[in-house]
Protein chains: 2
Amino acid sequence: MHIREMLAEADRTGNPSFSFEYFPPKTAQGVQNLYDRMERMNHFGPKFIDITWGAGGRIAELTCEMVVQAQTYLGLETCMHLTCTDMGEEKVNDALRKAYKAGCTNILALRGDPPRETEKWQATEGGFHYARDLVAHIRKIYANHFDIGVAGYPEGCDDNKDEDLLLDHLKEKVDMGATFIVTQMFYDVDNFIRWVGKVRDRGITIPILPGIMPIATYGSFLRRANHMNCKVPDAWMTALEPIKNDDVAVREIGKTLVAEMCRKILAAGVRHLHFYTMNLAQATRMVLEELDWMPSPDRPLKQALPWKQSLGLGRREEDVRPIFWRNRNKSYVLRTQDWDEFPNGRWGDSRSPAFGELDAYGIGLTGTNEQNRKKWGEPQSVKDIAHLFIRFLNKDIEYLPWSEAPLASEAELIKDDLIDLNQRGLITINSQPSVNGVKSNHPVHGWGPPNGYVYQKAYLELLVSPEIFPEIQRRIENHPDLTYHAVTKSGNLHTNAPSEGPNAVTWGVFPGKEIVQPTIVESISFLAWKDEAFRLGVDWARCYEASTPSRLVIQKMMDTWYLVNIVNNDFHSPRTIFEVLGDLKAADLDKVPKLKIEGAANGVLHSTNGIEASTVPR
Amino acid sequence: MHIREMLAEADRTGNPSFSFEYFPPKTAQGVQNLYDRMERMNHFGPKFIDITWGAGGRIAELTCEMVVQAQTYLGLETCMHLTCTDMGEEKVNDALRKAYKAGCTNILALRGDPPRETEKWQATEGGFHYARDLVAHIRKIYANHFDIGVAGYPEGCDDNKDEDLLLDHLKEKVDMGATFIVTQMFYDVDNFIRWVGKVRDRGITIPILPGIMPIATYGSFLRRANHMNCKVPDAWMTALEPIKNDDVAVREIGKTLVAEMCRKILAAGVRHLHFYTMNLAQATRMVLEELDWMPSPDRPLKQALPWKQSLGLGRREEDVRPIFWRNRNKSYVLRTQDWDEFPNGRWGDSRSPAFGELDAYGIGLTGTNEQNRKKWGEPQSVKDIAHLFIRFLNKDIEYLPWSEAPLASEAELIKDDLIDLNQRGLITINSQPSVNGVKSNHPVHGWGPPNGYVYQKAYLELLVSPEIFPEIQRRIENHPDLTYHAVTKSGNLHTNAPSEGPNAVTWGVFPGKEIVQPTIVESISFLAWKDEAFRLGVDWARCYEASTPSRLVIQKMMDTWYLVNIVNNDFHSPRTIFEVLGDLKAADLDKVPKLKIEGAANGVLHSTNGIEASTVPR
C-alpha cells in the first residue's frame, strides 16, 4: 500500500497516525533481536515502518533482507530507504528489484551521507548526483509502483544551511515525482511550522511527515541532536540537564516534552508523525502512552484477519490458511512461497504446487542446541515435557519447539482445560476456543471490518501416546459433532472428516460482504504440517546428547506418538472436546527412559557429536 | 445422479424410498397443470421421477421437453423412458442427445407397445427390435453416462405369457448393461416375491423396483388392471366392489389395500417403490400418508440448499444465486443458461457472460391477459394494488406478477410487518426474515446436511414511490447496519454498499465443511433483475385496456417508482428494517388515475388493441 493512501486515510478518519524507523544492526544476533522487537512494536499500531539504507556491500544487502522480513514474514508495510552514496545505477536497480520482489511499494530516495573516509559528498561513477535524479530514475523504471518520499530539512542540511536553496532542491525532487516528505529530526516546533509555511509557499502540496526522536538517554539525545545540527529549545535543556545522570527520570521528563511537541504539531494540522526509534522500543512506547495512542481493549489494534497477513508480492489478497501454522507464521510463508496464487475467498484448487519440502527451505528448529537446552531445560520424562507445556500456558516461557509466538490471549478461556490435559500426558500443540458470534471489534477475538460478527469452532491439536489413541479415536467417532485427523511420523492418516475438503474453523460475517473464512482444517495441509511438527520434535531431541534421557524421551514421542487434531463442529458447545477426552491419561508419565543396548549396530549408541552412550544394564 | 446410487443410499440408510411416474398430457394446458403438480408432488419426497415415452412425433418431442423442464427447471432427478416403437436409430440418438443436454442421467429402455394401427409389434426399418438392442446401443454411445433400467414382467407381458422366455429376455437385457429393473404394475405381492426369486435364480443381481398403482377410482383401477393383464387378489375385489360408485370410499379402502401391499413388499427386503401416479396426486399422497412416509415438521424433506437446485447439464455444482429470483426460479435458470460455469462456493468472476436479455428468452408474464385479469382483478389505485399483495401475504391468492410461487412459510414471521408496509403503499416484492443460527434440520428455515447451523440476514425488496424515496434513502444511509440498492426503470443505481462485491444473505455452517453461502445480493445482478421486475409490471399493465385506471396506475408505478432492496447486516436484530421504514406512507393511495389528453401525439391515447381512450376534462 502506498504511504500517501495511508496518509489520506488518516486525514479522512482524523485518527492519529504514526510510523517507526529502524536501521540495520551490526550483528546477526542484533538483527534477530530487532525482528522480535519490530514484531512487538507492531502491536503499538504504526501505519508503516522505514528501514534505512546501509550504504556499502553487506549492510546494503541487510537492508534488502530486512525489507523482505518485514514485508513478507512480519506483514509490515515497509518503506525502504535508498541513497546515491556508493551506488552505481546497477546497484540501485538491484535494490529496487529486491524491494519490488519483497512486495515493498514505498521508497525514501535520499542523496545520503558522504562515505566515512571522505569529507565532501561525491557521486559514484555512473551513479546519481542528487536525490532528484534517483526519484526520476525510479519513476522512469517503475512508473507508479513505488510511492516515493524525499527528505525535508527544517533546520538545514549537514553541508548546506541555505534554506532557500534547500527548498529549491525540495521543489525539484517533488517535480521529479516525489509524493511525500519526511523531515530530519527536530525539537523546535515553531521553526518546523514556519518551515512548512515556506514549503507550501513554494507550491509544494504533498504531505509532510515530521521526524520525531523520542529521548532514551541524555547522552544519546544530545549526541543525535548535535550530529544532526538540530536546535534543542532552552526549556528542554533546563528540564533535562539537572537529571541527566538519571536515565529513568530523563525518559520520564523526555516523554512529556516529546508528547507536548507532538500535540503542538498535530494542533498545526499535521496528522502523521514519523518516529526515529533508534531500534529501541521503550522511549517511543512511553511517548505513545503519554499521548494515549497505544491500542487498548477499548481501542484494539485493527486486524483484517485473525492471522497476520503477509504483504509479500502477490500475497496481499491471501485470506485463507490452515490453522496448523498459527504459531509458525514464517515457516508457512516460506513453504508456500512458490505458489502462483494464494487462496482467496476459500481454500481449494488455488494452491498450485504442493507445500515446500522441509529440507529445501531449511525449516526446522531455530537457535543453537545450547540456547534451546537453556530455554527448555532437560526433560527426563513425559511428565517433564508436559510441565514445559504447562509453563508455556502459564506464560512462564515464551516459546516452545512448536510455537514461535507466545500464547495467544484467547487461550485464557481454555487454559485450565489445556493444563489439565498436559498434566495427564496429552501434550497440547495448538488450540483455539469456540466463539459463537462476538462483535468484530471484540478486544480478544475480534478481527475484520466494524459491525461484523466473528465465529470459531473449538480446535485442539495434541500429541497422543499410542496406548490411549484407540480409545480417543473411538470416543471421537461416536460423537456427532467432532471431526479429527490423526497421523504418526511415518504417515498413515486416520480421519472421520466427511470429505477431503476443508473445514472452516474461523469465519466472520460482515456488512455487505461474502462470509470471510480465514482459517481451515484439511487433510493435505495437515500431512504437510505433520512432517514439520515431527521434524521440530526430532530437532529438539537432537539438542541433547545421544544417550541422554531427554533425547530418548523426546525421540520416542516422535517415533511412536500420534499427532491428532480435533474440531468441534458445534461452536455452541465450548467444552465438548475436553469432556470427550475426560479421564484419559498417558501411561508411564514419570518413566525415565534408559538406553537399551541391542548390539553394536544400534545407531543410537553413536551420537552425532561422537560421544559414546553410557552402558546401561539390560 | 444415477438411480442405482440413490437405491444404494436407501439400502444404506434403511429409509423408505420411492419414485413417481408421469406421462405426457395431451393438451398444452394439461402440460402446464402437470408441471405445477410435479412441483407440488416433489414435496412428497420422491427420489426421482419417470417420464414415459410418447411414441410418435409431437408427443415424443413433448417427452424430451418434459425431461428438460423436470431436470433443469424443477430440479427433479429424472428417468426418461425410451422405446423402440416407431424409432429409427437417428431418432433414438436424437432423444438421447436431448436427455444428455438436459442433464438427465437415467434411461428406461423399453421395446414399447405396438403402434395403435397394428396388432403385432414390428421394428421400424433401421430401428431396434428388442429392448436389449436399445440397451446395448445406449451403452455403446454413452458408456456409463446413463444408468439404464429395463422392464420386468412378474405377471407376463401383453403378447407373451411364457415366464421363462421373459426371464431369458430379462437376462439378455441385463447382460447388455441394464442396471435396474422396473416391474409392470401388479397387486399380487406373493406372486411378485415368487417372481423375484426366479429372477435371482437366473443370476440377476441388479435392483428390482416394484411398480405400484394407487387406486384413484374403481373404474380406472379395473381398466388399468385389465389392460395390463394384472391379477387382482379376490380380497381386493370383495372390498372394493360393494362401494364402487363411491369414489371417496374407493380411495379410502384403496389406500389401505395398497399401503398393506407396500408393507408386505418392504418386509420382503425391497427398499424402493415405484408409483404409477397416472399424473394424479391424491391417491398416491393418501398411500404415502397411510405409510407415514410423507415429510412432516418432525421429518422435513431434506433440502441441500435454501433454493431448488437445477439438475441441468453442468449445473449440479451451482450453489450460489442472487436472492432476487427467489420466486422466479425458471426465469433465473433461463437467463443464465449460456453461462460456461456456475458460481460454486462463492459468487464472483465465475459468471462468464452477462445475464440473458429478456427478449432473447421470451421472459415475461405468463398467462393470457384474460387469465391475469381474472387472477389479479382490476386495481384502480395504489391501494388496490397493495391490497392484492396483502391477499398474497394472507395466502388468499397464490401468485403475483413477481412471484411464481406461493408465499414461503418463513414469511409468517414477518407477515404482519409486510402487510403493514403494503397498507402504507410500500409494495413488497420479496423478503426474508433474519435467522440467527438455527439447526440445519429446522422445519422452516433448515437446509443442508445435519448438525449444522443456518443463518439469514433480513432482506426486503419493495417498490417505493418517488416522493418518499429520498427520505427512505436518508434513513438507510444514516443506519450503520443497513445496505441498499435502489433503481428506477430507466437505470441510475443508488447504493451504499461498501463494494460492488456480493453480500451473503443466507449461509450455513456444517461439520467438516467450508461455510456455504447460497444466496447473495449484489449490484450487477440486481440491475439484470431490475429489467425483469419492471418488465413484469409493464406486462401486467398491458393486460388492461389502454385507457383504464388499472393500466394507468400500474404503468405509472413502473415509470416513476423505485425498486429498492434493503439488507440488514445485523442478523441479530430481526425488525430493524421495519423500524427504519416506520411511519412512511406513499401519497395518494386512493387516487384513481385519469387519462390526461396532452394532444393527438400522446401515445397513451391509442391502446395496442385499438380502443380509443375516453375523453376526460382537463
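Residues numbered from 1 in each chain as written. Chains lettered and ligands numbered in written order. Predicted model: local features only at pLDDT ≥ 70, side-chain atom pairs only at ≥ 80, totals over all residues. Heavy atoms only, no water.

Going by the annotation in an unreviewed UniProt entry, the name recorded for chain A is Methylenetetrahydrofolate reductase-domain-containing protein, with Lasiosphaeris hirsuta given as the source organism. Check the Pathway (unreviewed entry) section of the UniProt entry for chain A; it says "One-carbon metabolism; tetrahydrofolate interconversion." The record held by UniProt for chain A lists under Cofactor (unreviewed entry) the comment "FAD". (UniProt positions renumbered as here; feature names shortened; annotations may be inferred.)

## Some points on the relation of the copies chain A and chain B
Superposition record for chain A on chain B: RMSD 0.1 Å, screw rotation 180°, translation along axis 0.1 Å. Taken together, the turn and the small shift mark the pair as related by a two-fold rotation axis. Across chain A, the rotation axis passes nearest the C-alpha of Ile515 of chain A, at a separation of 3.7 Å. Mapped onto chain B, 100% of the interface residues of chain A again fall at the interface, so both copies present the same surface. (Least-squares fit on C-alpha atoms with pLDDT ≥ 70 in both. Contact = heavy atoms within 4.5 Å.)

## Side note on the pairing of strand β2 (residues 48–51) of chain B
All names here are of chain B. Neither face of β2 is left uncovered, since the one carrying Phe48 and Asp50 and the one carrying Ile49 and Ile51 both have all their residues buried. Bridging between strand β1 (residues 17–22) and β2 involves four bridges; their strand directions are parallel. Within β2, the position partnered with Phe20 by the bridge is Ile49. What joins β1 to β2 is helix α2 (residues 28–42), and the crossover it makes is right-handed. Sheet analysis places β2 next to strand β3 (residues 78–83), joined by three bridges and oriented parallel. (Buried < 20%, exposed > 50% of the residue type's maximum accessible area, 1.4 Å probe, protein only. Helix = DSSP H or I, 4+ residues; strand = E, 2+ residues; numbered from the N terminus. Pairing = 2+ DSSP bridges. Right-handed = clockwise from strand over helix to strand, strands pointing away.)

## Thoughts on the sheet that holds strand β7 (residues 208–212) of chain A
Residue and element names in this part refer to chain A. The strand order β1-β2-β3-β4-β5-β6-β7-β8 describes a closed barrel built from eight strands, whose pairing is parallel. Along the sheet, successive strands turn relative to each other by an average axial angle of 30°, direction set aside. Here strand β4 (residues 106–110) runs beside strand β5 (residues 147–152); their pairing, made up of four bridges, is parallel. Across the sheet, Ile107 pairs through a bridge with Ile148, a residue of β5. (Axes fitted to C-alpha atoms, helices over the stretch in contact; angles between N-to-C directions.)

## Looking at the packing of helix α18 (residues 523–541) of chain A against helix α19 (residues 549–560) of chain A
All names here are of chain A. Running from N to C, α18 and α19 cross one another at 165°; their axes reach a closest spacing of 8 Å. For the element pair α18 / α19, the angle class is roughly antiparallel. As α18 packs across α19, the resulting crossing turns out to be left-handed. Residue-level contacts link Ala533, Phe534, Gly537, Val538, Trp540 and Ala541 of α18 to Arg551, Ile554, Gln555 and Met558 of α19. Broken down by class, the residue content of the contact of α18 with α19 amounts to seven nonpolar, two polar and one charged. (Parallel < 35°, antiparallel > 145°, perpendicular 65-115°, else oblique. Left-handed = near helix turned anticlockwise from the far one by under 90°. Nonpolar A, V, L, I, M, F, W, Y, C, P; charged D, E, K, R; others polar.)

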